[in-house]
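Architecture and fold: a report
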There are 2 protein chains.
Amino acid sequence: MARTSSTPDPARRNERSRQAILTAAAELATELGYAKLTIEAIAARAGVGKQTIYRWWPSKGAVVFDAFLAANENEAGGLDLPDTGDLAADLRALLRPAAEQLADPAFERVGRAISAEIQLDPTLLREYRARLLGPLLEVTRDRLRSAQRAGQLAEDLDLDLAVDLVYGPLHYRWLLGTGPIDQAYADAMVEALLRALRP
Amino acid sequence: MARTSSTPDPARRNERSRQAILTAAAELATELGYAKLTIEAIAARAGVGKQTIYRWWPSKGAVVFDAFLAANENEAGGLDLPDTGDLAADLRALLRPAAEQLADPAFERVGRAISAEIQLDPTLLREYRARLLGPLLEVTRDRLRSAQRAGQLAEDLDLDLAVDLVYGPLHYRWLLGTGPIDQAYADAMVEALLRALRP
């Protein structure tokens with residue numbers, strides 16, 4: 001039997017509220033920065049009561065973290081890395097947008113807070129690894145494995161070390177501010193990576 | 001005129017108190033972890049009043065951070081990197097102790113808290129860069145410059161990118177737990193680095 005719009009499904013209403021809260025948290029974290037963000041402000045923008053947020057999340061950190069994961073999961077959309085056969089081009093297609101995101105002041109305002117929360121809370125680190133980092137590293141290893149099969153990388157390449165090389169230098173530069181982050185840096189890093197990883 | 005021990009120099013007494021506080025903060029941060037550490041506990045172990053600590057440092061974060069910098073400055077002792085002419089051996093001599101420190105559970109307890117504080121507080125990041133990271137990267141660039149002069153590295157090597165490659169992957173593995181950190185990892189990283197940096 002068809003539902004009418006005047007008898008909304010509670011599960012669907014819950015899901016709509018949850019999405020509104022995550023969207024509000026992501027927007028406000030970007031606009032205000034993490035420190036100035038409050039649960040009250042998230043509730044007001046999402047059009048829900050504070051208690052609705054506290055029913056699903058124990059703290060401001062938890063809801064902002066969830067919003068960050070949700071936004072990045074959507075953006076990554078299944079996390080397919082390109083495999084055109086041209087490893088250099090595919091690595092550039094991976095590192096250029098990563099550099100662009102890290103250099104974006106809007107990302108900066110929430111990214112550093114998220115990164116600090118992850119370090120201080122082992123539960124958040126586990127969730128970050130399970131939902132975002134793990135899948136990213138897995139598709140990266142898959143792309144490198146494909147290059148190994150094509151004879152472009154050494155057969156005995158340690159893929160775990162390789163992913164540290166792919167993401168570590170850019171992450172280090174962002175976290176500690178060792179230099180500017182731009183497309184030229186991403187491209188130069190790809191050149192260095194290929195030298196490091198080739199047979 | 002010689003001072004007697006019954007008329008202590010106030011400046012010297014201050015310095016002794018300051019050192020006792022830094023030592024107590026470093027010990028307690030390692031023993032208890034950052035979250036459980038209190039100013040009261042630091043004062044008690046250092047044999048000073050709480051007010052003495054608050055006269056010199058505005059917060060727990062500030063005193064623990066200072067203790068961390070002091071400990072690492074002393075350990076680094078002028079921060080001379082070896083220059084034996086053998087770049088592979090010298091990079092191993094750099095990355096093996098770094099890997100050992102990062103894998104040490106005692107360092108883990110305070111290192112993550114410090115790392116998070118640095119990300120949340122731009123003033124601490126500036127101080128960390130001025131007192132510890134900056135000098136470390138400078139001597140690292142010096143060692144790589146010497147290898148350039150010896151023809152072991154490309155003349156046009158971007159030294160800022162090179163130091164990100166030297167420290168970034170190890171730092172990434174430690175921060176996000178992407179794999180085990182041991183001597184074998186440090187050695188494999190040196191091999192990859194040399195391939196990346198050579199002409």
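Please refer to the structure higher up on the page.
The present account deals with the structure reproduced in this document. (Residues numbered from 1 in each chain as written. Chains lettered and ligands numbered in written order. Predicted model: local features only at pLDDT ≥ 70, side-chain atom pairs only at ≥ 80, totals over all residues. Heavy atoms only, no water.)

On to the relation of the copies chain A and chain B, then. Least-squares fitting of chain A to chain B yields an RMSD of 0.1 Å, with the transformation described by 0.0 Å of translation along the axis and a rotation of 180°. Taken together, the rotation and translation relating the two chain copies correspond to the operation of a two-fold axis. Mapped onto chain B, 100% of the interface residues of chain A again fall at the interface, so both copies present the same surface. (Least-squares fit on C-alpha atoms with pLDDT ≥ 70 in both. Contact = heavy atoms within 4.5 Å.)

Mapped onto the elements of the fold, Q19 of chain B is located in helix α1 (residues 10-32). Once the C-alpha coordinates of Q19 of chain B and R129 of chain B are considered, the two residues, 110 residues apart in sequence, prove to be 22 Å apart. (Helix = DSSP H or I, 4+ residues; strand = E, 2+ residues; numbered from the N terminus.)

All right, on to the interface of chain A and chain B then. Each side of the interface is counted separately: chain A has 33 residues, and chain B has 33 residues. Taking both partners together, chain A and chain B bury about 3100 Å²; carbon and sulfur atoms supply 65% of that area. Considering only the surface of chain A that becomes buried against chain B, Q119, D164 and Y172 of chain A emerge as the three largest contributors, covering 22% of it. For the pair chain A and chain B, the number of links is two salt bridges. Taking the shortest distance from any N to any O, the salt bridge between R173 of chain A and D164 of chain B comes out at 2.6 Å. On inspection of chain A and its partner chain B, the count reaches 16 residue pairs in polar contact (both at pLDDT 80 or more). Of all elements in the fold, only α6 (105-120), α7 (122-149), α8 (159-176) and α9 (183-197) of chain A reach the threshold of two or more residues within the side of chain A that touches chain B. Of the residues forming the side of chain A that touches chain B, the biggest block, 13 residues, is contributed by α8 of chain A. Grouping the constituent residues of the side of chain A that touches chain B by class yields 20 nonpolar, six polar and seven charged. (Buried area = accessible area lost by both parts, 1.4 Å probe. Salt bridge = Lys/Arg side-chain N within 4 Å of Asp/Glu carboxyl O. Polar contact = N/O pair within 3.5 Å; in protein donor to acceptor, adjacent residues only side chain to side chain. Nonpolar A, V, L, I, M, F, W, Y, C, P; charged D, E, K, R; others polar.)

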